[in-house]
Amino acid sequence: MWMFSCLLLGPILAQGEDPSVANGELTPPDLPFPPMPSKAVVGPTLADSVNSWPPKRKPLKEDAPNILLIMNDDVGYGAPETFGGPIHTPTLSKVAQHGVSYNRFHTTAICSPTRAFLLTGRNSHNVGAGQITEAASGFPGYTGTIPKSAATLAKVLSGYGYDTAAFGKWHNTPVDDLMKSGPFDQYPTGLGFSYFYGFLAGETSQYNPRLYENTNPIEPPRKPEEGYHLTEDMADQAIKFIRANRALTPDRPFFIYFAPGGAHGPHHVHKEWADKYKGKFDMGWEKLRNITFEKQKAMGWIPNSTKLTPIDPTMVKWKEIPEEQRAFQLRLMEVYAGYLEHTDTQDGKVVEELERQGLFNNTLIIYVLGDNGASAEGIHGTIDELLAENALPSAYQQQMEVLNRDFGGLDALGSQHVDKMYHSSWAWALDTPFKSTKLVAAHFGGMRTPMVMSWPKAKKWKKGSTEKVIKHDPTPRSQFHHVCDIAPTIYEAVGVQFPTRVEGAKQMPLDGVSMVYTWNNVSVKERKSAQYFEVMGSRGVYKDGWFASVFGPRIPWAEANETRMREWNPDTDVWELYDLTRDFSQAEDLAKEMPDQVAKMKQIFLMEATANKVLLSQMLLDFIADRTPSPPLMWRFQPTRVEFSIAWVVQLEAFQFTWTMAICMLSTCRPYCTATSPNPRLPCSLEPERSR
């Protein structure tokens, strides 16, 4: 039928023009497109034959924009100087000054699900990404495998003729696919990107990263002693990609997904970047939060009526930190600040290349500051995040003894020798004005992040006026939106109607809502009426200005969670209720005053959860709790790595596995382990990269 339509349209189209762009409109095709018809004639002799190449398909308009999608890692709402925070973010500011910003934009509260939302435009559980890939299970919403029926942005855009590349953190490949022999269909290149340079796991060393180029593990091009840093390398590789595109295929626009590992742990940055922040945080985390809050209000980033939420009773206050330990805690924060500024600066190198190439005006730049809120996983502050994440006892005195004896003292923080993470209360301060942190889907500290978009190209509109596609406006957009709305926004901006089939697979509907309608209308009524959130039992739901939520069984900033998780029962959870039309920061819980509204919101969450394969059962949390390590048998520091031995018992589906392993501080060290069963999901089979 499609071919028949082409033949009918042939006489009225210019030679070589694709029917899908006739009259300036794109039709929803099946991808890939069928071959263009050829006018070649094969006769009985060469003289009777006509050699004619088929015309090139042109499914895109000539002015289709390039797309640069930036997303950093583990950054709090109150971190960037751009919007009142303490950390210099010149690239975020630059993009905001050319476009528009969003102060009610949301992610999930954890890595892999946010990235699945972003790249597919569907709810994460709906595409099997309800958890990080390392915690995948057989439950449909948690398999860690993106189905063929959920084609990614890269897959669709490449089908329309875009050059596509991803740089940095991926974290959407099932762990049992991380083998030399593949399979590779869940690698970036299997999900639509023509080029990938980065790391597949949740984190890696910035000095000694476990790198992949496409599907091949490679070594970094330089050593740490030669000044190597992964985020700088990523920016250089992205610049090379842009230059190659311009030199070899200047007729093809590009889509770049730039996702640095910064500022996820380990916090790795050269000393001069951390030194920029010496003395900047001496007031402690509560006062820092107060200062940030006042700046946010003064610049109009948050409503003047916003209330600053108090510190959680289970969190540590600055006054509780002994005087002799404060230098350590302050340096941890200074390193994080330098790391985030450094990351934003590398983002900026890619933007600067667009300017050098004359591409900036016709590039849609979408900058998502973080894939979730600031991370509390450092607990009390640590020279190695594995100590905190595995509940290993690590007294301040012992950590300082190691730093002073083996690495030269506090200046080693941020270097290749330690994998430091800051105190969880710094994370709380960087999530101003909200409650909670990463891993909490009930409060916006875990899942609200600044987002900015720019596309300053001048466009001639039907009325004859010429204006920028996105006109700069300093007033933040306050429509409630979510990371799953990015893909529909890009499709509308490019003019692509989403295909019904991709490579033979019938496509699931998009769950997101395009944000194009907000670009040049700050007060337009929001079009997103509902969105659910869920991470490991912490959950919430938004509906028409209301937000209801449950904190869940896990306290990210607390060491002891096993008992709480084992005893958790979702049926007895206490729900919170917020009227977001007048409560920007979730400061006033109305649940006791409005039980009927709570009941209504609970029902809405249940409907959303059922539709999207969200599992809220004791079984899932039992599974997670059973994977919690037992008390450590032994640990010790060495100049190049930290080792500890864990007896870890996993019980699932009547099988029992017991294994021990040594985890290295530097990712150049290779884990070893012994197991009583060849379970393919045991970390014995993994590349030496860690999970969050």
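Structure: see above.
The text that follows walks through the structure, step by step, so that each part is easy to find. (Residues numbered from 1 in each chain as written. Predicted model: local features only at pLDDT ≥ 70, side-chain atom pairs only at ≥ 80, totals over all residues. Heavy atoms only, no water.)

## A short note on the packing of helix H2 (residues 90–98) against helix H8 (residues 326–356)
Point 1. One way to put it is that H2 packs onto H8 with a least axis distance of 7 Å and a crossing angle of 45 degrees. Viewed along their axes, H2 and H8 adopt a mutual orientation that is oblique. On H8, the residues touching Pro 90, Thr 91, Leu 92 and Lys 94 of H2 are Asp 344, Thr 345, Asp 347, Gly 348, Val 351, Glu 352 and Glu 355.
Point 2. Residue classes in the contact of H2 with H8 are distributed as three nonpolar, three polar and five charged. (Axes fitted to C-alpha atoms, helices over the stretch in contact; angles between N-to-C directions. Helix = DSSP H or I, 4+ residues; strand = E, 2+ residues; numbered from the N terminus. Parallel < 35°, antiparallel > 145°, perpendicular 65-115°, else oblique. Contact = heavy atoms within 4.5 Å. Nonpolar A, V, L, I, M, F, W, Y, C, P; charged D, E, K, R; others polar.)

## What to know about the pairing of strand E5 (residues 163–169)
Point 1. Counted residue by residue, E5 has seven buried out of seven residues, so it is predominantly covered.
Point 2. Across six bridges, the pairing between E5 and strand E9 (residues 254–259) is parallel. Counted as the bridge partner of Thr 164 is Phe 255 from E9. (Buried < 20%, exposed > 50% of the residue type's maximum accessible area, 1.4 Å probe, protein only. Pairing = 2+ DSSP bridges.)

## Observations regarding unusual backbone geometry
Point 1. Residue Gly 262 is joined to Ala 263 through a cis peptide bond whose omega torsion reads 10 degrees.
Point 2. Here Ala 263 is to be found in the loop between E9 and helix H6 (271–275).
Point 3. In this model, Asp 74 sits at a positive phi of 55 degrees, which is unusual for a non-glycine residue.
Point 4. Structurally, Asp 74 is set in the loop between strand E2 (66–71) and H2.

## Overview of the packing of aromatic side chains
Point 1. One pass over the structure, following the stated rule, counts 29 aromatic pairs.
Point 2. Plain terms: the ring middles of Trp 455 and Trp 519 are 6.0 Å apart, the flat faces sit at 85 degrees to each other, and that makes the pair edge-to-face. Within this pair, whereas Trp 455 is found in the loop between strand E13 (451–454) and strand E14 (458–460), its partner Trp 519 is found in the loop between strand E18 (505–506) and strand E19 (530–535), the two being separated by 64 residues in sequence.
Point 3. According to the relative accessible area criterion, Trp 519 is buried, its value standing at 4%.
Point 4. Here a set of aromatic residues connected by ring pairs shows up, and it is made of Tyr 77, Phe 83, Trp 301, Phe 434, Phe 444, Phe 533, Phe 547 and Phe 584.
Point 5. Across from the ring centre of Phe 584, 4.9 Å away, lies the NZ or CZ of Arg 448, which sits over that ring. (Phe/Tyr/Trp six-rings, centres within 6.5 Å; stacked < 30°, edge-to-face > 60°. Lys NZ or Arg CZ within 6 Å of the ring centre and 35° of its normal.)

## Some words on the sheet that holds E19
Point 1. Overall, antiparallel pairing links the four strands, which are arranged E19-E20-E21-E22 in an open sheet. Each having just a single partner strand, E19 and strand E22 (576–579) make up the two edges of the open sheet. Between one strand axis and the next, the sheet turns by 10 degrees as a mean value, whatever way the strands run.
Point 2. Both strand E21 (residues 546–550) and E22 contribute to a ladder of four bridges, which runs antiparallel. Pairing of Phe 547 across the sheet is with Tyr 578, part of E22.
Point 3. Across the sheet, helix H14 (residues 595–611) is in contact with E19, strand E20 (538–543), E21 and E22; its angle to E20 comes to roughly 105 degrees.

## Thoughts on the pattern of salt bridges
A side chain of one charge can pair with a side chain of the opposite charge if their charged atoms are brought near each other.
Point 1. Applying the stated rule across the entire model yields 29 salt bridges.
Point 2. A salt bridge links Lys 307 to Glu 588; the nearest nitrogen and oxygen atoms lie 3.1 Å apart. With Lys 307 in the loop between helix H7 (285–298) and H8 and Glu 588 in the loop between E22 and H14, this pair connects stretches of sequence that are 281 residues apart.
Point 3. By relative accessible area, which is 44% here, Lys 307 ends up partly exposed.
Point 4. Exposure remark for Glu 588: the relative accessible area of 27% places this residue in the partly exposed category.
Point 5. As a salt-bridge pair, Asp 485 and Lys 528 come within 3.0 Å of each other at their nearest N and O atoms. Taken as a pair, Asp 485 in the loop between strand E16 (481–482) and helix H12 (486–494) and Lys 528 in the loop between E18 and E19 lie far apart in primary sequence, 43 residues in all.
Point 6. A relative accessible area of 0% places Asp 485 in the buried class.
Point 7. Taken together, the salt bridges that share partners define one network made up of Lys 271, Asp 275, Lys 278, Arg 331 and Glu 334. (Salt bridge = Lys/Arg side-chain N within 4 Å of Asp/Glu carboxyl O.)

## Looking at the packing of helix H5 (residues 230–248) against H8
Point 1. Interaxial distance between H5 and H8 falls to 9 Å at its minimum, and their mutual angle equals 15 degrees. Between H5 and H8, the angle falls in the class roughly parallel. The element H5 and its partner H8 pack so that their crossing is right-handed. Seen from H5, the contacting residues are Thr 231, Glu 232, Ala 235, Ala 238, Ile 239, Ile 242 and Arg 243; seen from H8, they are His 342, Thr 343, Gln 346, Lys 349, Val 350, Glu 353, Leu 354 and Arg 356. (Left-handed = near helix turned anticlockwise from the far one by under 90°.)

## Regarding the pairing of strand E10 (residues 363–368)
Point 1. Of all the six residues making up E10, six are buried; the element is thus mostly covered by neighbouring parts of the structure.
Point 2. Neither face of E10 is left uncovered, since the one carrying Thr 363, Ile 365 and Tyr 367 and the one carrying Leu 364, Ile 366 and Val 368 both have all their residues buried.
Point 3. Of the pairings in the sheet, the one linking E10 to E13 comprises four bridges and is antiparallel in character. Residue pairing for E13: Ile 365 is matched across the bridge by Ser 454.

## Some points on H12
Point 1. With respect to burial, H12 is a largely interior element, eight of its nine residues being buried.
Point 2. All of the buried residues along H12 are Ile 486, Ala 487, Pro 488, Thr 489, Ile 490, Tyr 491, Ala 493 and Val 494.
Point 3. Two residues or fewer past H12, Gly 495 is found with a positive phi of approximately 100 degrees.

## Section: the sheet that holds strand E17 (residues 501–502)
Point 1. Reading across from one edge, E1-E17-E18 is the order of the three strands in this open sheet, with mixed pairing throughout. Because the sheet does not close on itself, it has two edges, and the strands there are strand E1 (30–31) and E18.
Point 2. Bridging between E1 and E17 involves two bridges; their strand directions are parallel. Within the sheet, the bridge partner assigned to Leu 31 lies in E17 and is Val 502.

## What about the environment of Ala 391?
Point 1. Position of Ala 391 relative to the elements: it lies in the loop between helix H9 (385–389) and helix H10 (396–407).
Point 2. For the pair Ala 391 and Asn 561, spaced 170 residues apart in the sequence, the C-alpha separation amounts to 9.7 Å.

## Comments concerning the environment of Phe 551
Point 1. Position of Phe 551 relative to the elements: it lies in the loop between E21 and helix H13 (562–567).
Point 2. Between the C-alpha atoms of Phe 551 and Val 574, which are 23 residues apart in sequence, the distance is 8.2 Å.
Point 3. If sequence neighbours within four positions are ignored, Phe 551 has contacts with Ser 436, Val 440, Ala 442, His 443, Ser 538, Pro 556, Trp 557 and Arg 564.

## Topic: the nonpolar core
Point 1. Core analysis: the biggest nonpolar cluster contains 99 residues, and Phe 167 and Phe 258 have the highest contact counts within it.
Point 2. Sort the elements by how many residues they give to this core and H8 lands first, with 12 residues.
Point 3. When near neighbours in sequence (up to four residues on either side) are disregarded, Phe 167 contacts Tyr 195, Tyr 197, Met 234, Gln 237, Ala 238, Phe 241, Ile 256, Tyr 257, Phe 258 and Ala 259.
Point 4. Residues Ile 146, Val 502, Val 516 and Val 614 belong to the second largest nonpolar core, which totals 76 residues. (Core = buried A, V, L, I, M, F, W, Y, C linked by side-chain atoms within 4.5 Å.)

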